[in-house]
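Observations on the three-dimensional arrangement
Residues per chain are reported as follows:
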Amino acid sequence: MQFRITQSAIDTTAWREALCDSRCGAYAAFEGWVRDHHDGRPVLGLHYDCYAELAEHEGGCIMAEAMARFEIVDARCIHRIGDCRIGDMAVWVGVSAAHREAAFAACRWIIDEVKTRVPIWKRERYADGDALWREA
Amino acid sequence: MQFRITQSAIDTTAWREALCDSRCGAYAAFEGWVRDHHDGRPVLGLHYDCYAELAEHEGGCIMAEAMARFEIVDARCIHRIGDCRIGDMAVWVGVSAAHREAAFAACRWIIDEVKTRVPIWKRERYADGDALWREA
Amino acid sequence: MSVTVLYFAGLREAAGLGEEQLDRPESLPALYATLRERHGFTHGQNQLRVACNGVFCDWQRVPADGDVIAFIPPVSGG
Amino acid sequence: MSVTVLYFAGLREAAGLGEEQLDRPESLPALYATLRERHGFTHGQNQLRVACNGVFCDWQRVPADGDVIAFIPPVSGG
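A short tour of the structure in this document, coming up.

Reading the values: rules and limits
Residues numbered from 1 in each chain as written. Chains lettered and ligands numbered in written order. Predicted model: local features only at pLDDT ≥ 70, side-chain atom pairs only at ≥ 80, totals over all residues. Heavy atoms only, no water. Helix = DSSP H or I, 4+ residues; strand = E, 2+ residues; numbered from the N terminus. Expected span 1.5 Å × (residues − 1). Buried < 20%, exposed > 50% of the residue type's maximum accessible area, 1.4 Å probe, protein only. Salt bridge = Lys/Arg side-chain N within 4 Å of Asp/Glu carboxyl O. Least-squares fit on C-alpha atoms with pLDDT ≥ 70 in both. Contact = heavy atoms within 4.5 Å. Pairing = 2+ DSSP bridges. Axes fitted to C-alpha atoms, helices over the stretch in contact; angles between N-to-C directions. Parallel < 35°, antiparallel > 145°, perpendicular 65-115°, else oblique. Left-handed = near helix turned anticlockwise from the far one by under 90°. Nonpolar A, V, L, I, M, F, W, Y, C, P; charged D, E, K, R; others polar. Phe/Tyr/Trp six-rings, centres within 6.5 Å; stacked < 30°, edge-to-face > 60°. Lys NZ or Arg CZ within 6 Å of the ring centre and 35° of its normal. Buried area = accessible area lost by both parts, 1.4 Å probe. Polar contact = N/O pair within 3.5 Å; in protein donor to acceptor, adjacent residues only side chain to side chain.

For helix 3 (residues 100–117) of chain A, spanning 18 residues, the distance from its first C-alpha to its last is 25 Å, which sits close to the expected 26 Å at 1.5 Å a residue. Of the residues making up helix 3 of chain A, those classed as buried are Ala-102, Ala-103, Phe-104, Ala-106, Cys-107, Trp-109, Ile-110, Ile-111, Glu-113, Val-114 and Arg-117 of chain A.

Structure, rendered in C-alpha cells:
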C-alpha cells in the first residue's frame, strides 16, 4: 500500500508489478490523462501545484482506508505534479484483489477520494491564451 | 474497438497505446490473473478451451454494444487461451473516455459480459491431483 | 445431407472427440438428445446454448445441410 | 512567537508569495480574515480547509508558536 507524488513521467510497469500476488484473480487500474478540453474549452496544457507534505499524508490515509474498507490485497497510487502536456498521465491507481468486484470498487473509490481530498491543484492553459486555477 | 483471442502471453503495452487519444481524460483497465485458489481449493494451473470463431464474434458484439451503451472513446479486450500458470494474465480489458464514470462503467460491463457470454472454458488443476472444467 | 458437430471443454472430454459428422437432424433438441445418450453427456438441454456456423442461435432453428453446430456449456472465461 | 503560512495555487498567485512569517494569531479564522484583506483573497473562509503542520485540522484549533499553517482551496488533482 503506497501513495506517492512525483515530478516525473509515471512509469506504471514497476507500480503494477508490485501488486502482483498469487492470491489475486483481479487487477483494476485507473489512469487520469491530460485531455485537450474542459467544459468545451480547448486546453493546451496543465500545471499541477501541490502541498507535498500534506498530499502524501492525506494520500496515505486514503490508501489505508481503502485497505480497511474493501476486500483487496494491495493498492497503490501515484500522482504527477508540475507541467504536463496533453496526453500525459497525471495520476495512476492500481488495485489487486481475489475478486473483481472489490478491485473495481476500491479503484473507483480511491480516485474519487484523491480528487476530493488530496491538496493538488490544476492550472489549465487555454488555446485563447487564458489560464485558470481549477477549483473542483 | 477490438476483441481478440491469443495463445500467447498478453503484452498490454501496445493494447493500451492504441487507446490513447487527446480527447480522453480517463482510462480504466481490468486484468484477470490466474489465482492460486478457487472456493478455498489450492489451484496449480489452468487450461482454457475456446470456440475461437464464436468467441471472436461474440466478443466483437460485446465491444460494439459497449461503444453504443457508454460515453467512451475506445475499448479493447484480449483473452488468452491454452495453458496458464498462476499469476499469468488471462484477460485484459481497457477503456478510454473523456470522463472516468463512463470508463469504469464500461470496463466493468465488458468483463462481466465476457465472463458470461464468450465461449471460453477453464479447466483447473488442483493441488490434490484432481482437475475440473469450471462451469460458471 | 450432413452436419458437423463441434465439442468443447466438458462435452469434448465426455465425447472423447472434438467434432463429428452426422446426418442432418430434424431439430437441434433432437440432435442433442441423441448425442447426449450416445456420449453420456450430463448436461440437460436447458443448461446449454447452441451455436450454428459460428454464431449463437435459437434452439428452434431448423438445421440445414453443411451446418456447423456446437452445444455450449456455461462458460468460464476471465 | 510566530507562525509560518504557506500559500498554494490561486492563493499563492493572489498573495504573490509562497510563504510568510507572521505573529502568532489568536485564531485561525482571525488569521485568515487578516490575510484575506491584506492579499485580496476572494475565497470566503467556508470555501477553504485549513492544515497545520502537514495535516488537515479544525478551524477551532488554537495556533501555537512555530505552527506551519496552510489554507487549502478546493482541490483539483487527478
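Here the focus is the pattern of salt bridges. On inspection of all chains with the given rule, the structure shows 40 salt bridges over all chains. Arg-38 of chain C is the salt-bridge partner of Glu-20 of chain C, the closest N and O atoms lying 3.6 Å from each other. Of this pair, Glu-20 of chain C sits in strand 2 (residues 19–23) while Arg-38 of chain C is found in helix 2 (residues 28–39), placing the two residues 18 residues apart along the sequence. A relative accessible area of 13% places Glu-20 of chain C in the buried class. Arg-38 of chain C gets classed as partly exposed once you look at its relative accessible area, which sits at 47%. Each of Glu-58, Glu-65, Glu-113 and Arg-117 of chain A takes part in a single network of salt bridges with overlapping partners.

Before going further, it helps to spend a moment on the relation of the copies chain A and chain B. When chain A is fitted to chain B, the residual RMSD is 0.0 Å, and the transformation amounts to a turn of 180 degrees plus an axial shift of 0.0 Å. As the rotation angle and translation indicate, the two copies are arranged about a two-fold axis. The C-alpha atom lying nearest the rotation axis in chain A is that of Ala-29 of chain A; the distance is 2.5 Å. An overlap of 100% is found between the interface residues of chain A and their copies at the interface of chain B, pointing to a shared contact surface.

Residues and elements named next belong to chain D. One open sheet holds the five strands; their spatial order is 2-1-5-3-4, and the pairing between them is mixed. Here the strands that pair on one side only, and so sit at the sheet edges, are strand 2 (19–23) and strand 4 (55–57). In this sheet, adjacent strand axes meet at a mean angle of 35 degrees when their direction is disregarded.

We now examine the packing of helix 2 (residues 52–69) of chain A against helix 3 of chain A. All names here are of chain A. One can describe the packing of helix 2 onto helix 3 by two numbers: an axis separation of 10 Å at closest approach and a directional angle of 150 degrees. Taken together, the axes of helix 2 and helix 3 are roughly antiparallel relative to one another. Helix 2 and helix 3 meet at a crossing whose hand is right-handed. Taking contact as the criterion, the partners of Glu-58, Cys-61, Ile-62, Met-63, Glu-65, Ala-66 and Arg-69 in helix 2 are, on helix 3, Trp-109, Ile-110, Glu-113, Val-114 and Arg-117. When grouped by side-chain class, the residues that make up the contact of helix 2 with helix 3 number seven nonpolar, no polar and five charged.

Time to look at the sheet that holds strand 2 (residues 26–33) of chain B. One open sheet accounts for eight strands, arranged 1(A)-5(A)-7(A)-2(A)-2(B)-7(B)-5(B)-1(B); its pairing is mixed. Each edge of the sheet is formed by a strand with only one pairing partner; in this case those strands are strand 1 (2–6) of chain A together with strand 1 (2–6) of chain B. Shown here is a sheet whose adjacent strand axes are inclined to one another by a mean of 10 degrees, direction ignored. Across eight bridges, the pairing between strand 2 of chain B and strand 7 (residues 89–97) of chain B is antiparallel. Across the sheet, residue Trp-33 of chain B finds its bridge partner in strand 7 of chain B, namely Met-89 of chain B. Taken strand by strand, helix 3 of chain A contacts strand 1, strand 2 (26–33), strand 5 (74–80) and strand 7 (89–97) of chain A together with strand 2 of chain B, and its axis lies near 150 degrees from that of strand 7 of chain A.

Attention shifts here to unusual backbone geometry. Backbone phi values are negative for most residues with the exception of glycine, while trans is the configuration of most peptide bonds. Residue and element names in this part refer to chain B. Positive phi, close to 50 degrees, is recorded for Asp-39, a residue that is not glycine. When you line up the elements, Asp-39 lands in the loop between strand 3 (37–38) and strand 4 (41–50). According to the relative accessible area criterion, Asp-39 is exposed, its value standing at 69%.

Here the structure, examined in full by the defined rule, presents 22 aromatic pairs over all chains. Seen in terms of ring centroids, Tyr-27 of chain A and Trp-33 of chain B are 5.3 Å apart; in terms of plane orientation they differ by 15 degrees. Their pairing is stacked. Taken together, the residues span two chains, with Tyr-27 of chain A in strand 2 and Trp-33 of chain B in strand 2. For Tyr-27 of chain A, a relative accessible area of 3% gives the class buried. Residue classification places Trp-33 of chain B among the buried positions, given a relative accessible area of 6%. With a centroid separation of 5.6 Å and an interplanar angle of 20 degrees, the aromatic rings of Trp-59 of chain C and Phe-71 of chain C are classed as stacked. With a gap of 12 residues between them, Trp-59 of chain C in the loop between strand 4 (55–57) and strand 5 (68–72) and Phe-71 of chain C in strand 5 connect regions that are remote in the sequence. Residue Trp-59 of chain C is classed as buried on the basis of its relative accessible area of 14%. Through pairs of rings, three or more aromatic residues link up here, namely Tyr-7, Tyr-32, Phe-41, Trp-59 and Phe-71 of chain C. Directly above the aromatic system of Tyr-27 of chain A lies the positively charged group of Arg-16 of chain A, at a separation of 5.6 Å from the ring centroid. Here the basic side chain of Arg-49 of chain C rests over the ring of Phe-56 of chain C, its NZ or CZ set 3.6 Å away from the ring centre.

Next up on the list: the interface of chain D and chain A. Residue-level contacts link 22 residues of chain D with 23 residues of chain A. Overall, the association of chain D and chain A removes approximately 1900 Å² of surface from exposure, summing both partners, and the carbon and sulfur fraction of that is 56%. Counting across the interface, chain D meets chain A through two salt bridges. A salt bridge links Arg-123 of chain A to Glu-13 of chain D; the nearest nitrogen and oxygen atoms lie 3.5 Å apart. At the junction of chain D and chain A, the tally comes to 14 residue pairs in polar contact (both at pLDDT 80 or more). Those elements that place two or more of their residues in the side of chain D that touches chain A are helix 1 (9–15), strand 3 (49–52), strand 4 and strand 5 (68–72) of chain D. Looking at the side of chain D that touches chain A, the element that brings in the most residues is helix 1 of chain D, giving four residues. Here the side of chain D that touches chain A is composed, by residue class, of 12 nonpolar, seven polar and three charged.

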